[in-house]
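A look at the structure
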Amino acid sequence: MKIIKQTYQMNSQSLLFILVFAYFLAIVIAPLFTPHDPLQINMNERLLKPSEEHLFGTDHLGRDLFSRILTGGQVTVGTGLLVLIIVLLVGVPLGMVSGFIGGRFDRYFMRIIDSFMAFPDFIIAIVLSGILGPSMLNLIFAIVVAKWGSYARLVRSTVLSEKEKDYVLMAVVNGLSAFQIIRKHLLPHVMGNVLVLATLDFGKIILMIASLSYIGLGAQPPTPEWGAMLNESTPYVQSSPHLMIIPGIAIMCTVLISNLVGDVLRDRFDVKG
Amino acid sequence: MSLLTVRHLHISCRNKPIVKNIDFTVRQGEWFTLIGESGSGKSITASTIGGLLPKEMSIAAGHVLFDNKDITHLSNKEFQKLRGKEISYVFQDYQSSLTPFMKIGKQMDEMIQAHCSLTKNERREIALQALEDVQLPTKRVYNSYPFQLSGGQLQRASIAMAIMLNPKLLIADEPTTALDSITAVHVLEVIANIKEKINCAILFITHDLRLARKYSNTIAVMKQGEIVEAGTKESVIYHPSHPYTKRLLGAVPTIKSSTSPAKLDLILQ
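Within an unreviewed UniProt entry, the label attached to chain B reads Peptide/nickel transport system ATP-binding protein, and the organism entered is Thermaerobacillus caldiproteolyticus. The record in UniProt for chain B states the following under Sequence similarities (unreviewed entry): "Belongs to the ABC transporter superfamily."

Going by an unreviewed UniProt entry, chain A carries the name Peptide/nickel transport system permease protein and comes from Thermaerobacillus caldiproteolyticus. Quoted verbatim from the Sequence similarities (unreviewed entry) field of UniProt, the annotation for chain A is "Belongs to the binding-protein-dependent transport system permease family. OppBC subfamily." As recorded by UniProt, the Subcellular location (unreviewed entry) comment attached to chain A reads in full: "Cell membrane".

This is the structure:
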């Protein structure tokens, strides 16, 4: 009975992960299977309603919306992943080093992080990408700057409490170097929390990319990005609402999925707060 | 021949003296016991030897000589070479003294790698031999995570790690305090056996006189950061001169101060 129950629990959780994996895989490979060229303008077919030929209809320049949604997923989600990876590569090592060294260095470092965290991250991202000028690269930079602090802080606080434990002292008396201790004995401990925060954050990052693109600071036309597509469709909201609804649903699904996965992981790793 | 000499050691914490004028010598292959109540500075003294003093504490005066070298002010890098290879530690808290998500074999392997350049198989041999020395089921423990072992097994595993590279000095900081008395005796026996085998000196820190009595060659009694009495086991236990030592002896359960040495011996055993 117990085995059956365990297998069942494992299966329902694995099922979720398989579905999520499938979703992201679909996003990655979808652009290979677009029925039409997402950039092909065709003024004879503008603002068409959904039909067999154009599954989601066409936009104000006659481009196939279905193809643009598929391609846009790669842009939005791919950029989100890139941002997340850079944030982790910056925030985690800095947090570890700061927590491990401690003392004065740690105090100064925390004040720097505090000054970043004092502003809502959306404001920082808008200001930075506004100053640097609208482009995808600047958008990535802006979001990384806005986000890295919270990871550094999380990692730093975990390391601060972990490094007082005896196993770290033991590693020290066994003659391991600080680098070895950080990498092999503390990093795996920190990664659980970081993973949860990252999956929960992924949805927010997607939203941020879409929002910044929506106000024209991110992806530039004709790049099919979900937020930018929302922006382009605003003048036609009354005549062709599907132009706005469909990219909106795409964004919502991706954010929802990443939040659900984050919740599952949080329960799994038992992270509080 | 003296292996470890501590000379006039003063340690202070933000200008407040913690350890005052400590003087003792541990000879090669000797079991030296440092005994005293909590907060008497025993563990701080032990930390100083391996260069493990907390940041807010510092050596105000004195020297630590190990193997005829002054190791009082070594750099971190030099201490790193010494720790685990020449001087190794066993601590009280066995539950958290091994990294929880790493197999014990992996941790042992990593430690050997940090000190010697050996092949994978040679490292494995050394680790398995050490686990055998502490009477653990070698293969099983080598492939276990710390939470899969019992308290006594864990403590023996950390002893195995400590003695793996044949250190000259094993510092055992209350290794049995968190264990039940039967397991504690077993762990002590393991340490005693290993001492015979690799002929290392042992700096044993405890507050339990009964444990000090059994294996020690030399005993030093510490109180409030000072050594109040030191000498051979016989002189300290049977002919205590300092009032604190007498009180300590008097505090052992069921022993009255009027108890004769022969009777005391019986009870202590």
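**Topic: the overall build of chain A**
Counting its secondary structure elements, chain A contains nine helices and zero strands. Going from the N terminus to the C terminus, chain A shows its helices and strands as α-α-α-α-α-α-α-α-α. Considering only C-alpha atoms, chain A reaches an extent of 75 × 60 × 30 Å along its principal axes. Expressed as a percentage of the 273 residues in chain A, the buried residues total 39%.

**Re the environment of Leu53(B)**
Residue and element names in this part refer to chain B. Relative to the helices and strands, Leu53 resides in the loop between α1 (42-49) and β4 (57-66). Since 16 C-beta atoms lie within 10 Å of it, Leu53 is described here as partly exposed. Once the C-alpha coordinates of Leu53 and Ala201 are considered, the two residues, 148 residues apart in sequence, prove to be 22 Å apart.

**Focus: the UniProt feature "domain: ABC transmembrane type-1" (unreviewed entry) in chain A**
Taking the numbering used here, the UniProt-annotated feature "domain: ABC transmembrane type-1" (unreviewed entry) corresponds to residues 73-262 of chain A. With 83% helix and 0% strand, residues 73-262 of chain A has its two end C-alpha atoms placed 20 Å apart.

**Looking at the interface of chain B and chain A**
Listed by partner, the interface residues are 23 residues for chain B and 15 residues for chain A. Where the side of chain B that touches chain A is concerned, the elements lending two or more residues are α2 (76-82), β6 (87-90), α3 (104-115) and α6 (151-163) of chain B. Grouping the amino acids of the side of chain B that touches chain A by side-chain chemistry returns eight nonpolar, nine polar and six charged.

**Section: the pairing of strand β10 (residues 226-232) of chain B**
Residues and elements named next belong to chain B. Of the pairings in the sheet, the one linking strand β9 (residues 218-223) to β10 comprises six bridges and is antiparallel in character. From the neighbouring strand, Val221 faces β10, where its bridge partner is Glu229. Counting the residues in the hairpin turn of β9 and β10 gives two residues, including Gln224, whose phi is positive at 45°.

**Quick word on the environment of Val26(B)**
All names here are of chain B. Mapped onto the elements, Val26 comes out in strand β2 (residues 16-27). Val26 gets classed as buried once you count the C-beta atoms within 10 Å, which come to 25. The spatial distance from the C-alpha of Val26 to the C-alpha of Met1 is 8.7 Å, given a sequence separation of 25 residues. Once you skip the residues sitting within four places of it in the chain, Val26 turns out to touch Leu3, Leu4, Phe32, Ala201 and Leu203.

**Some details on the confidence of the model for chain B**
Residues and elements named next belong to chain B. Residues with a pLDDT of 70 or more make up 94% of chain B, whose mean pLDDT is 85. Mean pLDDT in chain B bottoms out at helix α11 (residues 261-268), which sits at 63, and peaks at strand β8 (residues 201-206), which reaches 91. Two summary scores accompany this predicted model of the complex, namely pTM at 0.77 and ipTM at 0.76.

What counts, and at which threshold
- Sequence order as written defines residue numbering, which begins from 1 separately in each chain.
- Whichever chain is written first is A, and whichever ligand is written first is 1; the rest continue in order.
- The model is predicted, so local features are restricted to residues of pLDDT at least 70 and side-chain atom pairs to those at 80 or more, both for listing and for counting; the totals for chains, interfaces and linings are taken over all residues.
- UniProt positions are given in the numbering used here, feature names are shortened, and annotations may be inferred rather than shown by experiment.
- Put simply, DSSP marks the helices as runs of H or I at least four residues long and the strands as runs of E at least two long, and each gets a number from the N terminus on.
- Note on burial: count the other C-beta atoms lying within 10 Å of the residue's C-beta; 20 or more is buried, 12 or fewer is exposed, in between is partly exposed, and C-beta positions come from the backbone.
- Here, residue contact means that the backbone-derived C-beta atoms of the two residues sit within 7 Å.
- Residue polarity follows a fixed list, in which Ala, Val, Leu, Ile, Met, Phe, Trp, Tyr, Cys and Pro are nonpolar, Asp, Glu, Lys and Arg are charged, and the others, Gly among them, are polar.
- DSSP-based pairing: two strands are paired if at least 2 bridges between them are found.
- A residue's pLDDT is the confidence the predictor assigns to it, expressed on a 0 to 100 scale.

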